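Analysis of the macromolecular model
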Amino acid sequence: MNEFPWLTTLWVLPLVGAGLVMVMPSAQRMLARSLGLVISIATLAIGIVVAVRFEPGGGRYQFVESHEWIPAFGAGYTLGVDGIALVLVVLTAALVPLLILAGWRDEREVGSGRRVAHIYVALTLVVEAMVLISFTSLDILLFYVFFEVMLIPMYFLIGGFGPRGDDLAHRQQRSRAAVKFLLYNLFGGLIMLAAVIGLYVVTARDHVGGNGGTFDFRAVVQAANSGQLGAAPAVLNALFLGFMFAFAVKAPLWPLHTWLPDAAVSATPASAVLMMAIVDKVGTFGMLRYCLQLFPSATSTYAPLISVLAVIGIVYGALLAIGQTDVMRLIAYTSISHFGFIILGIFAMTNQGGAGATLYMVNHGISTAALFLIAGFLVSRRGTRMIADFGGVQKVAPVLAGTFLIAGLATLSLPGLAPFISEFLVLVGTFTRYPVAAIVATSALVLAALYVLWMYQRMMTGPVKAGNERLSDLVPRELVVVVPLLAALLFLGAYPKPVLDLINPAVASTLTTIGQHDPGPTVRPEAATPSGGAHK
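Residues numbered from 1 in each chain as written. Predicted model: local features only at pLDDT ≥ 70, side-chain atom pairs only at ≥ 80, totals over all residues. Heavy atoms only, no water.

**A short note on the pattern of salt bridges**
Note the following rule: Salt bridges, as used here, are contacts in which a Lys or Arg side-chain nitrogen is within 4 Å of a carboxyl oxygen on Asp or Glu. In this text, helices come from DSSP runs of H or I with a minimum length of four residues, and strands from runs of E with a minimum of two, each type numbered from the N-terminal end. We call a residue buried when its accessible area falls under 20% of the maximum for its residue type, exposed when it is over 50%, and partly exposed in between, using a 1.4 Å probe and counting protein chains only.
A full pass over the atoms with the stated rule returns 7 salt bridges. Between Arg60 and Asp82 there is a salt bridge whose closest N-O contact spans 3.2 Å. Of this pair, Arg60 sits in the loop between helix H2 (29-53) and strand E1 (62-70) while Asp82 sits in the loop between strand E2 (75-81) and helix H3 (83-102), and the two are 22 residues apart along the sequence. Here Arg60 and Asp82 have matching classes, each one buried. The residue Asp326 makes a salt bridge to Arg385 at a minimum N-O spacing of 2.7 Å. Of this pair, Asp326 sits in the loop between helix H13 (296-322) and helix H14 (327-348) while Arg385 sits in the loop between helix H15 (351-382) and helix H16 (393-396), and the two are 59 residues apart along the sequence.

Put into structure tokens, the structure is as follows:
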């Protein structure tokens with residue numbers, strides 16, 4: 001056990017920070033935002049310390065903390081990180097300060113009221129804390145609790161703080177989107193709760209972790225892969241589907257995706273990025289950690305079906321993005337397509353597919369944050385989300401248009417930018433297992449180029465449309481938000497090795513644990529020699 005509880009500090013700090021923000025005087029809006037920013041930067045500093053001290057070859061889970069929580073149920077407060085969790089922890093800690101800064105002076109984006117800034121910043125920090133403990137939890141019940149709790153602050157961020165327009169219609173739209181988000185995810189969580197209870201009963205019957213049952217993730221994984229779990233295959237399949245359903249709603253996977261576009265356009269741009277780039281990653285992380293490792297046999301059974309759903313989501317999201325007239329809704333549909341790629345890589349169950357899927361989680365978070373925030377800056381200036389209302393923006397705001405183009409090119413996975421590497425790995429890793437799925441998924445590359453470049457052409461090029469003449473360019477505060485995101489896209493596009501060095505050992509360990517190996521090349525016997533005969 002480590003002497004200093006780094007992982008506990010990592011998630012408790014933003015939680016305590018949220019409380020400090022809320023007790024500040026209501027008139028101190030600027031100070032509340034400043035404190036929230038300082039707390040988020042301090043959290044990032046701890047995340048960096050953990051990343052620097054992490055040893056890629058030093059064991060599967062590091063910085064492990066373990067304490068009793070509910071001994072009667074075999075549940076413990078157990079935290080630890082592997083390379084997969086670590087990169088998502090750093091992504092979360094790095095994005096939150098930028099999101100707080102993105103809405104720094106945009107009162108129109110956070111409603112009205114004396115304590116609105118306090119509540120908004122506090123809710124953002126609470127979501128960060130819930131996500132961080134979800135990524136670091138090594139206890140199944142502990143993970144489930146925070147997997148569900150994070151829905152509450154996210155619900156208030158969507159329903160209580162929307163973009164411009166505080167009339168009755170906008171408030172009703174936000175309320176409907178927030179309720180839809182909450183109901184979808186709560187229903188998925190209830191299904192998962194049944195599966196969590198069922199898994200506990202199975203461990204108790206088979207004396208995993210002692211005489212009683214256990215929620216210790218590592219103990220259950222060891223039992224599942226050693227054959228100690230004696231439950232019938234049908235029972236394990238049902239438990240797998242319970243976990244998978246909840247993760248598929250949160251990720252989201254087609255056809256459980258319909259809550260995402262409404263929630264994304266109803267929230268502020270910063271809250272939408274918090275949801276799509278951070279919160280939703282808990283779903284794909286759960287698939288990779290819990291579904292694969294707790295239920296290896298069921299994963300193999302359902303992987304082909306899930307891969308088909310992922311491919312449908314890839315193409316479906318891209319096609320619907322092409323047809324959107326609302327720029328924010330268009331970007332939301334691109335995320336559905338990207339999540340399809342992530343899930344496809346996970347269930348290819350190959351080293352390249354798994355590494356590509358994990359790297360895709362990171363790169364999608366960065367590229368979506370860049371594109372959505374820049375679009376949000378533009379929408380806040382113009383007062384409309386309709387693509388048709390823009391035109392000629394690059395003539396009056398060239399820096400805004402240029403950064404929008406770079407973020408858009410990253411979204412379509414242009415070589416040289418970070419998402420290309422991850423998408424390439426996913427497709428290569430999938431092709432060795434499911435060649436047809438990989439070929440169909442490749443069609444999304446063309447569709448992505450179509451919706452991104454067409455969007456840019458309509459919004460940024462051509463004559464300046466009426467109403468756009470006085471659009472201002474990015475101000476220094478906005479550049480402080482955008483430049484690090486674009487720099488990360490360029491750096492990881494040219495040199496992804498530092499991140500992959502963390503990811504690859506964890507992915508390899510996961511596949512070894514569940515007994516999966518990369519498919520080998522197949523060679524027809526008659527093709528072994530030029531004459532079709534055997535070597536002598």
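**Some points on the packing of aromatic side chains**
How we decide: The rule is short: rings of Phe, Tyr and Trp, with Trp giving its six-membered ring, pair when the centres are within 6.5 Å, and they are stacked under 30 degrees, edge-to-face over 60, tilted in between.
For the structure shown, the criterion picks out 21 aromatic pairs. Plain terms: the ring middles of Tyr155 and Phe156 are 5.1 Å apart, the flat faces sit at 70° to each other, and that makes the pair edge-to-face. An angle of 55° between the planes, with centres 5.5 Å apart, marks the rings of Phe243 and Phe295 as tilted. With Phe243 in helix H9 (residues 233-250) and Phe295 in the loop between helix H12 (281-294) and H13, this residue pair connects regions lying 52 residues apart in the sequence.

**Looking at the pairing of E2**
Note the following rule: We treat two strands as partners when DSSP finds at least two bridges between them.
Of all 7 residues in E2, 7 are buried, a share of seventy percent or more. The alternating pattern of E2 places Ala75, Tyr77, Leu79 and Val81 and Gly76, Thr78 and Gly80 on opposite faces, both of which are buried. With 6 bridges joining them, E1 and E2 adopt antiparallel strand pairing. By the bridge assignment, Ser66 is partnered in E2 with Thr78. Between E1 and E2, which pair antiparallel and follow one another directly, the connecting turn spans 4 residues, one of which, Gly74, has a positive phi of 70°.

**Considering the environment of Ile48**
The residue Ile48 is located in helix H2 in this model. Look at Ile48 and you get partly exposed, because its relative accessible area is 43%. C-alpha separation for the pair Ile48 and Ala418, spaced 370 residues apart in sequence, amounts to 20 Å.

**Topic: the confidence of the model for the chain**
Definition in use: Along the chain, pLDDT gives the predictor's confidence residue by residue, from 0 to 100. The contact definition used throughout considers only heavy atoms, calling two residues in contact when any of these lie within 4.5 Å.
Of all residues in the chain, 92% have pLDDT values of 70 or greater, and the mean over the chain is 87. Low pLDDT, under 50, characterises residues 531-536; the predicted model gives this stretch 5 contacts beyond four residues in sequence or across chains.

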